[in-house]
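Working through the structure, step by step
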Amino acid sequence: MTNDQKLDFTRRITHANRSGLVLIKFEMLFVYFDDICTSFHTDDKEELTRSVRRADAVLKSFQETLDFTYELSAQLFSLYDFHRRQLAKVLMRHSLEELNQSRKMLLLTYESFKKAAKQDSSKPLMQNAQQVYAGYTYGKNDINESYDVNTSRGFLA
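Thresholds, definitions, all that
Each residue is numbered by its place in its chain's sequence as written, counting from 1. Only residues with pLDDT of at least 70 get local features here, since the model is predicted, and only at 80 or more are side-chain atom pairs given and counted; chain-wide, interface and lining totals rely on the full set of residues. Only hydrogens and water are set aside when side-chain values are computed; all heavy atoms of the structure are taken into account. Between N-to-C directions, angles span 0 to 180 degrees; the directions come from axes that are lines fitted to C-alpha atoms, helices contributing only their stretch in contact. Think of it this way: any DSSP run of H or I at least four residues long counts as a helix, any run of E at least two long counts as a strand, and we number them from the N terminus. Orientation is classified from the angle alone, with under 35 degrees giving roughly parallel, over 145 giving roughly antiparallel, 65 to 115 giving roughly perpendicular, and any other angle giving oblique. Crossing handedness: left-handed means the near helix sits turned counterclockwise from the far one by under a right angle, and right-handed means the same turn made clockwise. By definition, residues are in contact when any of their heavy atoms lie within 4.5 Å. In this count, Pro and Cys sit with the nonpolar residues alongside Ala, Val, Leu, Ile, Met, Phe, Trp and Tyr, while Asp, Glu, Lys and Arg are called charged and the others, Gly among them, polar. Residue count minus one, scaled by 1.5 Å, sets the expected span of a helix. For the exposure calls, accessible area comes from a 1.4 Å probe over protein chains only, and a residue counts as buried if that area is under 20% of its type's maximum, exposed if over 50%, partly exposed in between. Note that the arc is computed from the directions linking the helix axis to the C-beta atoms. Only buried residues count toward a nonpolar core. Its members are Ala, Val, Leu, Ile, Met, Phe, Trp, Tyr and Cys residues joined through side-chain atoms within 4.5 Å.

1. Remarks on the packing of helix α4 (residues 71-93) against helix α5 (residues 97-117)
As a packed pair, α4 and α5 sit with axes 9 Å apart at the nearest point and diverge in direction by 155°. What the angle tells us is that α4 and α5 run roughly antiparallel. In this structure, α4 meets α5 at a crossing whose hand is left-handed. From α4, Leu-76, Leu-79, Tyr-80, Phe-82, His-83, Gln-86, Leu-87, Lys-89, Val-90 and Arg-93 reach across to α5, where they touch Glu-98, Leu-99, Gln-101, Ser-102, Met-105, Leu-106, Thr-109 and Phe-113. Of the residues that constitute the contact of α4 with α5, the class distribution is 10 nonpolar, 5 polar and 3 charged.

2. Quick word on α5
Taking 1.5 Å of rise per residue, the 21 residues of α5 would be expected to cover 30 Å, and the 30 Å separating its terminal C-alpha atoms lies within 8% of that figure. All of the buried residues along α5 are Glu-98, Leu-99, Ser-102, Arg-103, Leu-106, Thr-109, Tyr-110 and Ala-117. What you see down the axis of α5 is that its buried residues fit within an arc of 140°, all on one side. The exposed residues of α5 that point more than 90 degrees off its buried face are Glu-97, Lys-104, Leu-108 and Lys-115.

3. Here's the deal with the nonpolar core
Ranked by internal contacts, the top residues of the largest apolar core, which has 31 residues, are Phe-33, Ile-36, Leu-87 and Leu-99. Counting only elements with at least two residues in this core, the list comes to α2 (18-41), α3 (45-64), α4 and α5. Examining the composition of this core, we find that 12 residues originate from one element, α2, more than from any other. Excluding residues that lie within four positions of it along the chain, Leu-99 makes contacts with Phe-33, Ile-36, Cys-37, Leu-87 and Val-90.

So, in structure tokens, the structure goes:
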């Protein structure tokens, strides 16, 4: 994951509601999958292991945040557990076949969550986050963003 991607994910997380956060985590997972493929093709075993661990951490966070009062949670837990085992096979077998299968299945899950997120009109989880404004100026590769410095980011008295 590049530094620009990290900054973008961080900015989006600060303004996301629960459904948006799930979608962002899926997008981070897909970036880690891309990192796994890149390090696999460049034969960088250390980076491959790091990328697999990062992707596994995202899947583990999905498992840890499930609400088991819903019947669907048990099925999702099993699904995420399957994909975690698929990631382990990438390292054990030194093959991307399992990763490609997981990506296809998780893209379907992502699309389902994306449809459900359209119905979620709840407020962002972080209420006192810094405001970001995309303006009329352009940078070398993208639109420049400005931050509102007149807001309090700490506790309000």
